[in-house]
Amino acid sequence: MKKKVILWSALALAVILIAGVVLWQVGVFAPKDEQVVQAKKSIEEYEQILKTAPQNEEANAGLIRAYGDAGKIEKAREVADKAVGLLPMSKSIVLAMVEAYEVQKMYAEAVLFVSDLGENTCKVTVENELEDRGFPGYVAQYGTMGNTLSEGRLVVDGDRIFYSEPRDGERLYSMDLDGNDKKKLTESEAQFINVVGDKIIYCDASNNYYGCTLGKDGSDLKVFLPMMSMNYIVFDERIYFVNWAAECKIYSVDMEGKDPKVVCDMAAEDLYQYGAWLYFTAKDQESCIYRIKINGEGLDQVNNDQSMRPNVHHGIVYFINWADDGKLYSVDPDNANATYQRVYDKHVSHLNYYDGSLYFADMTVGGKPYRMDLEDGKVTKLCDDRAGYFALHDDWVYYRNNDDANRIYRVKTTGGGRSRIGG
């Protein structure tokens, strides 16, 4: 009997050991612990180097990443702040801190860190790289920032288009990428559409402009924000919006519509995000463009003219200047000596920045859509339709065709391929 007990115990131990090895190999236990152990070893090595060479760029960046891998984000930030003071032009040090935040999915902290870099640092270079890389905040994750300025009436998510159907009272529909398999999702009149994970977030213009969520299949409709609200921007698990129920101030809430915070006390419209900054047109300040950080700090006036549709690329603000008959202008808000630049000498509307180019309707020729390449300044007419409400995705410009009862059309971003979609 005793031998059987010993035998069964040995077999059980063998099973446990084998299971442990398998689980270790597939990563149930090992990777995180192993990563922390390796990070601690790296921390010790980098700290030894920095004792005698505090300005060693590679060691500072490595130490920041090692602290990030070890989950010690506060220590990583301490090292980063000290290192930036010693090496203000080191892009690798700043990006190491951004990546440490990114590992922890702390995107708001990442963009605020970059925006708080002082003058005579690598701030501009880093911001340009983050935008080109598609880092959250510099590039919208749920449709382009400029789409929101066009009332967010169309968003592409995966292999589906979610949009307001102009021939059915702007109710929320979906269809495939070629305009087939149309489905009405709700009776809501939808604006400022964002698709986040498995749900749609939008403003219901047919119900007091309340904020709603809906499953992508049209199920589980909920009012998550029972107040008049517009201009939704989703970033890092929070929704930023203009609160019409509170004098058009800029607010933010969490993804459930809770934890409301006032971001800016000024009456706003035309909300647009670039990194840590929210750009907007100030309703009570002669419609000049202002900006404020997502944490409510650093309110700053960008221009002095009645303007609309601020779009930002590499830190430069492009806007429609009503002080000059709606012509297209730009200004650098980080350069105190910068003057306005007239970018396009004609009246435009529906301005939308996407992937290195500006898209707009030229009102001097009836609202035909054009693209301006910001690298070489070349301007290209996309088609002859009277177009509006531009939404950009991949190689396509989606728009409402005023010559065809506002039906939805698309055209290639380079011109060509024009077609009506959705019937």
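Please refer to the structure higher up on the page.
Within any chain, residue numbers begin from 1 and follow the written order of that chain's sequence. Predicted model: local features are reported for residues with pLDDT of at least 70 only, side-chain atom pairs are reported and counted for 80 or more only, and whole-chain, interface and lining totals are derived from all residues. Think of the side-chain values as coming from all heavy atoms in the structure, minus any hydrogens and water.

Colleague: Tell me what's going on with the packing of helix H5 (residues 91–103) against helix H6 (residues 107–115), and back it up with residues and numbers.
Modeller: In the contact formed by H5 and H6, the axes pass within 8 Å of each other and the chain directions differ by 165 degrees. Classified by the angle their axes make, H5 and H6 are roughly antiparallel. Seen along the crossing, H5 lies across H6 with a hand that is right-handed. Along the contact surface, H5 presents Val94, Met97, Val98, Tyr101 and Glu102, while H6 presents Tyr107, Glu109, Ala110, Phe113 and Val114. Of the residues belonging to the contact of H5 with H6, the class tally is eight nonpolar, no polar and two charged. Lines fitted to the C-alpha atoms define the axes, with helices restricted to the stretch that makes contact. Angles between their N-to-C directions range from 0 to 180 degrees. Comment: elements are numbered from the N terminus, with helices defined as DSSP H or I runs of at least four residues and strands as E runs of at least two. With respect to orientation, any angle under 35 degrees is reported as roughly parallel, any angle over 145 as roughly antiparallel, any angle of 65 to 115 as roughly perpendicular, and every other angle as oblique. By the definition used in this description, the sense in which the near helix is turned from the far one sets the handedness, with an anticlockwise turn below a right angle giving left-handed and a clockwise turn giving right-handed. Here a residue-residue contact requires only that any non-hydrogen atoms of the pair lie within 4.5 Å. Under the scheme applied, nonpolar residues are Ala, Val, Leu, Ile, Met, Phe, Trp, Tyr, Cys and Pro; charged residues are Asp, Glu, Lys and Arg; polar residues are all the others, including Gly.

Colleague: Got a sec to walk through the environment of Asp265? Specific residues and values, please.
Modeller: Residue placement: Asp265 occurs in the loop between strand E11 (261–264) and strand E12 (268–274). Sequence separation between Asp265 and Cys248 is 17 residues; the distance between their C-alpha atoms is 8.4 Å.

Colleague: Describe the pairing of strand E21 (residues 368–373), listing the residues and the values that go with them.
Modeller: Bridge count for strand E20 (residues 357–362) against E21 is six bridges, and the pairing is antiparallel. Pairing of Asp362 across the sheet is with Lys368, part of E21. Here E21 pairs with strand E22 (residues 379–381) via three bridges, running antiparallel. Its bridge partner lying in E22, Tyr370 is registered against Lys381. Strand pairing is assigned whenever DSSP identifies at least 2 bridges connecting the two strands. In this structure, the hairpin formed by E21 and E22 is closed by a connection of five residues, where Gly377 is found at a positive phi of approximately 75 degrees.

Colleague: Break down the packing of aromatic side chains for me, with residues and values.
Modeller: Aromatic rings considered in pairs are described by the distance between their centres and by the relative angle of their planes. Pairing of aromatic rings covers Phe, Tyr and the six-membered ring of Trp, with a centre-to-centre limit of 6.5 Å; geometry is then stacked below 30 degrees between planes, edge-to-face above 60, and tilted otherwise. Applying the stated criterion across every chain yields a total of 13 aromatic pairs. On the numbers, 5.9 Å between centres and 75 degrees between planes, the contact of Tyr107 with Phe135 is edge-to-face. Linking Tyr107 in helix H6 with Phe135 in the loop between helix H7 (123–133) and helix H8 (145–149), this pair joins segments that are 28 residues apart in sequence. By the burial criterion, Tyr107 is buried, and Phe135 matches it. Ring geometry for Tyr232 and Phe241: centres 6.3 Å apart, planes at 80 degrees, overall edge-to-face. Residue Tyr232 shares its accessibility class with Phe241, and that shared class is buried. Linked through ring pairs, Phe192, Tyr232, Phe241 and Tyr251 together constitute an aromatic cluster. Each residue is assigned to one of three classes by its accessible area relative to the maximum for its type, calculated with a 1.4 Å probe on protein chains only: buried under 20%, partly exposed between the two thresholds, exposed over 50%.

Colleague: How would you summarise the sheet that holds strand E24 (residues 396–401) if you had to cite specific residues and measurements?
Modeller: Pairing in this open sheet of four strands is antiparallel, and the strands run E23-E24-E25-E26 from one edge to the other. This sheet does not close on itself; its edge strands, each paired only once, are strand E23 (387–393) and strand E26 (419–420). Inspection of the sheet shows E24 paired to strand E25 (residues 407–412) by six bridges, in the antiparallel sense. Within E25, the position partnered with Trp396 by the bridge is Lys412.

Colleague: Give a description of the pattern of salt bridges that names residues and reports values.
Modeller: Between Lys or Arg on one side and Asp or Glu on the other, a salt bridge is scored when a side-chain nitrogen of the former is within 4 Å of a carboxyl oxygen of the latter. Counted by the stated rule, this structure contains 34 salt bridges. Across the salt bridge formed by Lys249 and Glu247, the nearest N and O atoms sit 3.8 Å from each other. Where Arg407 meets Asp404, a salt bridge forms, and the shortest distance between an N and an O atom there is 2.8 Å. Just as Arg407 is buried, Asp404 falls in that class too. Three or more residues are tied together by salt bridges with common partners; here these are Glu151, Arg153, Glu170 and Arg400.

Colleague: Tell me about unusual backbone geometry, and please be specific about residues and values.
Modeller: For Cys248, which is not glycine, the phi dihedral falls at a positive 65 degrees. Examined against the element boundaries, Cys248 turns out to sit in the loop between strand E9 (238–243) and strand E10 (249–254).

Colleague: Any chance you could break down helix H3 (residues 57–69) for me, citing the residues and the numbers?
Modeller: Expected span of a helix, by definition, is 1.5 Å for each gap between consecutive residues, and there is one gap fewer than residues. Here H3 contains 13 residues, and its C-alpha end-to-end distance of 18 Å stays within 8% of the 18 Å for a straight helix at 1.5 Å per residue. Looking only at H3, the buried set comprises Ala59, Asn60, Ala61, Gly62, Leu63, Ile64, Ala66, Tyr67 and Gly68. Here a polar contact is recorded for every N or O atom pair within 3.5 Å, except that within protein the pair must consist of a potential hydrogen donor and a potential acceptor, and residues adjacent in sequence are included only if both atoms are side-chain atoms. The N-cap residue of H3 is Asn56: its side-chain oxygen and the backbone nitrogen of Glu58 are 3.2 Å apart. Positive phi appears at Gly71, one or two residues downstream of H3, with a value of about 80 degrees.

Colleague: Pulling in residues and values, what's your account of the nonpolar core?
Modeller: Within this scheme, the nonpolar core is defined by two criteria: the residues are buried Ala, Val, Leu, Ile, Met, Phe, Trp, Tyr or Cys, and they are joined through side-chain atoms within 4.5 Å. If you look at the biggest cluster of nonpolar residues, it comprises 80 residues, and the most contacted ones within it are Ile64, Val94, Met97, Phe113, Val114, Phe280 and Phe360. Per element, the largest residue contribution to this core is eight residues, and it comes from H5. Here Met97 is in contact with Ile64, Ile73, Ala76, Arg77, Ala80 and Phe113, once residues within four sequence places are set aside. Grouped together as the second largest cluster of nonpolar side chains are 15 residues, Ile201, Cys203, Phe241 and Val253 included.

Colleague: Residues and numbers for H7, please.
Modeller: Of the residues making up H7, those classed as buried are Lys123, Val126, Glu127, Asn128, Leu130 and Glu131. Buried positions along H7 lie against H5, H6, E12, strand E16 (307–313) and strand E19 (341–354). Just past H7, the residue Gly134 takes up positive phi, approximately 85 degrees.

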